[in-house]
Amino acid sequence: MILIIIYMALGYWATGKTIYANSVLIGTWTGIFMKRVIMGTLLGWVLIPVALFKRR
């Protein structure tokens, strides 16, 4: 269970660093948060390595 929470947190972070980098997000805080969590969870296996690579 803890690994799932860590994976979701890393996916959320990676979504912000890759898909939504240099973007202005318009909407409710809840809507933006849920969209990033869902996209990070579903695409985390791709986004996390890309975000780590972009970080360097």
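Look above for the structure.
Calculation notes
Residues numbered from 1 in each chain as written. Predicted model: local features only at pLDDT ≥ 70, side-chain atom pairs only at ≥ 80, totals over all residues. Heavy atoms only, no water. Phe/Tyr/Trp six-rings, centres within 6.5 Å; stacked < 30°, edge-to-face > 60°. Helix = DSSP H or I, 4+ residues; strand = E, 2+ residues; numbered from the N terminus. Buried < 20%, exposed > 50% of the residue type's maximum accessible area, 1.4 Å probe, protein only. Lys NZ or Arg CZ within 6 Å of the ring centre and 35° of its normal. Expected span 1.5 Å × (residues − 1). Arc of directions from axis to C-beta. Contact = heavy atoms within 4.5 Å.

A.B. asks: Requested: an account of the packing of aromatic side chains, with residues and values cited.
C.D. replies: Enumeration according to the criterion identifies two aromatic pairs in this entry. Relative to F33, the ring of Y12 has its centre 5.4 Å away and its plane inclined at 50°; by these criteria the two rings are tilted. Separated by 21 residues along the polypeptide, Y12 in helix α1 (residues 2-18) and F33 in helix α2 (residues 29-55) bring together distant segments of the chain. On the accessibility criterion, F33 (30% relative accessible area) is partly exposed. Look at W29 and F33: their rings are 5.2 Å apart centre to centre, the planes differ by 5°, and that puts the pair in the stacked class. With W29 and F33 both in helix α2 and four residues apart, this pair spans about one turn of that helix. Among the residues examined, W29 registers a relative accessible area of 66% and is labelled exposed. Counting every residue linked through ring pairs, the aromatic cluster contains Y12, W29 and F33. Taking the ring centre of Y12 as reference, the NZ or CZ of R36 above it sits at 4.0 Å.

A.B. asks: Go over α1, please, and point to the residues and values.
C.D. replies: The terminal C-alpha atoms of α1 lie 24 Å apart, and with 17 residues this matches the ideal 24 Å at 1.5 Å per residue to within 8%. Of all the positions in α1, only G11, A14, T15 and T18 are classed as buried. Seen end-on, α1 carries its buried residues on one side only, within an arc spanning 105°. With respect to the buried face of α1, the exposed residues turned more than 90 degrees away are I2 and I5. Looking at the buried positions of α1, the neighbouring elements they touch are α2.

Taken by themselves, the reported measurements are silent on function.
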